[in-house]
Amino acid sequence: MEVVHTIPELRAAVDRARQAGKAIGFVPTMGCLHEGHLSLIRRAREEAAFVVVSIFVNPTQFGPNEDFSKYPRTFAEDRVGCVAAGADLIFAPTTADFYPVGASTWVDVEGVSARLCGEFRPGHFRGVTTVVAMLFNAVQADVAVFGRKDLQQLAVIRRMVRDLHMPVRIIAHETVREPNGVAMSSRNRYLSAEQLMQATAIPAAMAAAKATAQAGITDAARLRDAAQAVLSAQPALKLQYCEIVDLETMVPVASTSGLRCAIAIACHLGATRLIDNADL
Ligand code: PAF
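Residues numbered from 1 in each chain as written. Predicted model: local features only at pLDDT ≥ 70, side-chain atom pairs only at ≥ 80, totals over all residues. Heavy atoms only, no water.

1. Concerning the layout of surface pockets
Roughly 260 Å³ of internal volume is contained in the second largest pocket. Lining the second largest pocket are 13 residues, with Ala155, Arg158, Leu247, Glu248 and Arg260 sitting closest to its centre. Among the elements that line the lining of the second largest pocket, the one with the most residues is helix α7 (residues 151-163), at 6 residues. Taken together, the residues that form the lining of the second largest pocket break down as 6 nonpolar, no polar and 7 charged. (1 Å grid on protein atoms, 1.4 Å probe; cavity = no way out; pocket = protein on both sides within 12 Å on 5 of 7 lines; lining within 4 Å. Points joined across faces, edges and corners; volume = space filled by probe spheres on them. Helix = DSSP H or I, 4+ residues; strand = E, 2+ residues; numbered from the N terminus. Nonpolar A, V, L, I, M, F, W, Y, C, P; charged D, E, K, R; others polar.)

Right under this line is the structure:
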């Protein structure tokens, strides 16, 4: 597996793979890889004969009071994980190289990015879509794989790709969970063992909403109430939002009747922000 840091090196390697008749798969990451990321890489491997993984902690998607500087940088371990999962190349640019001096171009997907995390993390999705557009331009992949755990990010990226006619197929891959049901996240390493237990209220809340939906309830307020009853029984969790949303628009709905919907939850556990979602 090759590791490159510059766009010319990346392009040369991707060109060689294309000339060898290989389709290009891409998994963008910020590093600190866990089993969830590795499953995205393995999925990309199933879809394409040459798999690029980017490792870049993107400063523009962090707010001023967020964890950019303390975000874990674990390149040596990430590299081992990428080899094991079947990646062919890691692209790990420096911030100075990747964002040209005086860069002033933004990709902003309105609407889909406005609610939920967009409300609580102003500017976050603008940073994500800008860097993902830059990465797509750099890699020129045929297919890119994103985790379902970041449900709104996935919807925002799908919309960007559609609106800007980007020639890349987006694949959503299922959330990988800890044995206790908590969604895997790079930020889980900030949690103590006790907090990891407390976080199980999140999948339990989603399961309560799902069971209510399976009992035939379509009223979003009742589905939300079922989840919130579980969340509020765990006082360590500070809820940011718990919404029943349309899967495509990410807009909260009044009823799930006739729609493809999910429950989306964000909360703080101590200083750590956790998000999760489930189809209803
Ligand atoms: O999901 C992430 O890790 C990041 O938002 C992404 C897509 C790599 C962009 O920096």
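Once you've had a look at it, read on.
2. Details of the site of the ligand
Residues in close proximity to the ligand include Pro28, Thr29, Met30, Asn58, Gln61, Val128, Val131, Val132, Asp150 and Gln153, which together make up its full environment. In this structure, Gln61 approaches the ligand through a side-chain N or O atom, which is 2.6 Å from an oxygen atom. For the ligand, an oxygen atom lies 2.7 Å from a polar atom in the side chain of Gln153. Here the ligand has 290 Å² of accessible area as a free molecule, and 89% of this is covered by the chains. Mapped onto the shell around the ligand, the elements with two or more residues apiece are β2 (24-29) and α6 (124-139). In terms of residues, the shell around the ligand owes the most to one element, α6, which gives 3 residues. (Near = heavy atom within 4 Å. Polar contact = N/O pair within 3.5 Å; in protein donor to acceptor, adjacent residues only side chain to side chain. Areas by Shrake-Rupley, 256 points an atom, 1.4 Å probe, with all protein chains shown as cover.)

3. Describing the pairing of strand β8 (residues 261-269)
Within β8, 8 of the 9 residues are buried, which leaves the element mostly enclosed by the surrounding structure. Relative to strand β9 (residues 272-279), β8 runs antiparallel, the two being bridged by 8 bridges. Paired with Leu269 across the two strands is Thr272, which belongs to β9. Following β8, the chain reverses through 2 residues before pairing antiparallel with β9; Gly270 in that reversal takes a positive phi of roughly 60 degrees. (Buried < 20%, exposed > 50% of the residue type's maximum accessible area, 1.4 Å probe, protein only. Pairing = 2+ DSSP bridges.)

4. Thoughts on the sheet that holds β9
One open sheet accounts for 3 strands, arranged β7-β8-β9; its pairing is antiparallel. Edge positions in the open sheet fall to β7 (237-246) and β9, since each of these has one partner strand only. Between one strand axis and the next, the sheet turns through 15 degrees on average, direction left out of account. Running at roughly 155 degrees to β7, helix α10 (residues 220-232) makes contact with β7 and β8 of the sheet. (Axes fitted to C-alpha atoms, helices over the stretch in contact; angles between N-to-C directions. Contact = heavy atoms within 4.5 Å.)

5. Focus: α7
Think of an α-helix as 3.6 residues a turn; residues three or four steps apart then line up on the same face. Its 13 residues place the ends of α7 18 Å apart at the C-alpha level, agreeing with the 18 Å of an ideal helix rising 1.5 Å per residue. Leu151, Gln152, Gln153, Leu154, Ala155, Val156, Ile157, Arg159, Met160 and Val161 are the residues of α7 that are buried. At its buried positions, α7 is contacted by α5 (117-120), α6, β5 (143-147), β6 (169-173), β8 and β9. At the exit of α7 stands His165, carrying a positive phi of roughly 50 degrees. (Expected span 1.5 Å × (residues − 1).)

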